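Examination of the molecular architecture
Each chain is listed here by its residues.
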Amino acid sequence: MENPDNKTQVVLLACGSFNPITNMHLRLFELAKDYLHETGKYNVIKGIISPVGDAYKKKSLISANHRVTMAKLATESSDWVQVDDWESSQNEWLETLKVLRYHHQKLASSNPANSLQNAVPLIKPGRKRKQEANRYIPVKKNQLSPETKGVPQLKLLCGADMLESFGIPNLWKLEDITEIVANHGLICITRAGNNAQKFIYESDTLWQHKNNIHLVEEWITNDISSTKIRRALRRGQSVRYLVPDAVRAYIEKHNLYSPESEDRNAEVILAPLQKYARGCKQEQTL
């Protein structure tokens, strides 16, 4: 038997709306874990689900409190995937890279050999302190090296749709994409016939770091999506066996998805599009 201590330890982080969380979201973690273990190089020790905050302003996005609760219900039976509400509890929308930096800092802080004595508090000096436990600002670029001794590698787990969203104007900053793929890496779950490999080939940035992007093909086709779940719920149709039973019961108890909830944020521009488009205009006026 191989000694897992000789392998690179990995923590998988999945960011997204989880509106609601589905069986397919959970399946991504299992697929990624199997793939990494089969390489013989990695030992996956933990999975983290990080629901986005309300400030993301995505259309039909219900309250983060509900989405976090459903995610926790969905992972109750898992012995390695857990939910983290740090991102969802922030008042402002946070870029995915900042969430990665935060969790990497947290992993390093929990390692005695790399304890961060000067972890940066979320509250800036001079501001009134809020009574929040374990709140830190994600470390800045190069403040903490992803190769810190003894700290597991933190990789972003996603579907092909997130990978391809890198190409949407003003949705991601190029420097963020570069740091994500160069310093952390991607585990991207694709489906048969998907063009993820072609998308990587056509991007100079992704191609440069292609060895740090792992494409995992899902051969057991599964077309479950949160959008389709919400549509079925609006129409009074069953979603049993598409989401965990505890999640289905919670949705029914709180009557979470309706035509009214689907129209939430309908007239609001997505937070990153607002931020980056505004930045581009400012640059143009300089």
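Residues numbered from 1 in each chain as written. Predicted model: local features only at pLDDT ≥ 70, side-chain atom pairs only at ≥ 80, totals over all residues. Heavy atoms only, no water.

A word on the pattern of salt bridges. Considering all chains together, one arrives at 12 salt bridges under this definition. When the shortest N-O distance is used, the salt bridge between K228 and D223 registers 2.3 Å. Among the residues examined, K228 registers a relative accessible area of 37% and is labelled partly exposed. (Salt bridge = Lys/Arg side-chain N within 4 Å of Asp/Glu carboxyl O. Buried < 20%, exposed > 50% of the residue type's maximum accessible area, 1.4 Å probe, protein only.)

Contact geometry of helix α2 (residues 64-74) with helix α9 (residues 245-254) gives a least axis separation of 8 Å together with a crossing angle of 150°. It follows from the interaxial angle that α2 and α9 lie roughly antiparallel. In this structure, α2 contributes H66, T69, M70, L73 and A74 to the contact, and α9 contributes A246, V247, Y250, I251 and H254. (Axes fitted to C-alpha atoms, helices over the stretch in contact; angles between N-to-C directions. Helix = DSSP H or I, 4+ residues; strand = E, 2+ residues; numbered from the N terminus. Parallel < 35°, antiparallel > 145°, perpendicular 65-115°, else oblique. Contact = heavy atoms within 4.5 Å.)

All right, on to α2 then. Residues A64, R67, V68, M70, A71 and A74 constitute the buried set of α2. Down the axis of α2, the buried set is contained in an arc of 160°. They therefore lie on one face. Capping the start of α2 is the job of one residue whose side-chain oxygen sits 3.2 Å from the backbone nitrogen of N65: S63. (Arc of directions from axis to C-beta. Polar contact = N/O pair within 3.5 Å; in protein donor to acceptor, adjacent residues only side chain to side chain.)

A residue-level look at the protein finds 81% of positions with pLDDT of 70 or above and a mean pLDDT of 86. Low pLDDT, under 50, characterises residues 115-144; the predicted model gives this stretch 47 contacts beyond four residues in sequence or across chains. Under a pLDDT of 50 for its full length, residues 281-286 has, in the predicted model, 0 contacts with residues more than four places off or in other chains. (pLDDT = per-residue confidence, 0-100.)

Inspection of the entire model under this criterion finds 6 aromatic pairs. Here the aromatic rings of W93 and Y276 are separated by 6.1 Å at their centres, their planes lie at 70°, and the arrangement is edge-to-face. Of this pair, W93 sits in the loop between β3 (81-83) and α3 (96-109) while Y276 sits in helix α11 (residues 271-285), placing them 183 residues apart in sequence. Each member of the pair W93 and Y276 is classed as buried. Each member of the aromatic cluster is reached from another via a ring pair, and the members are Y56, W93 and Y276. Taking NZ or CZ as reference, K210 lies 4.3 Å from the ring centre of W207, over its face. (Phe/Tyr/Trp six-rings, centres within 6.5 Å; stacked < 30°, edge-to-face > 60°. Lys NZ or Arg CZ within 6 Å of the ring centre and 35° of its normal.)

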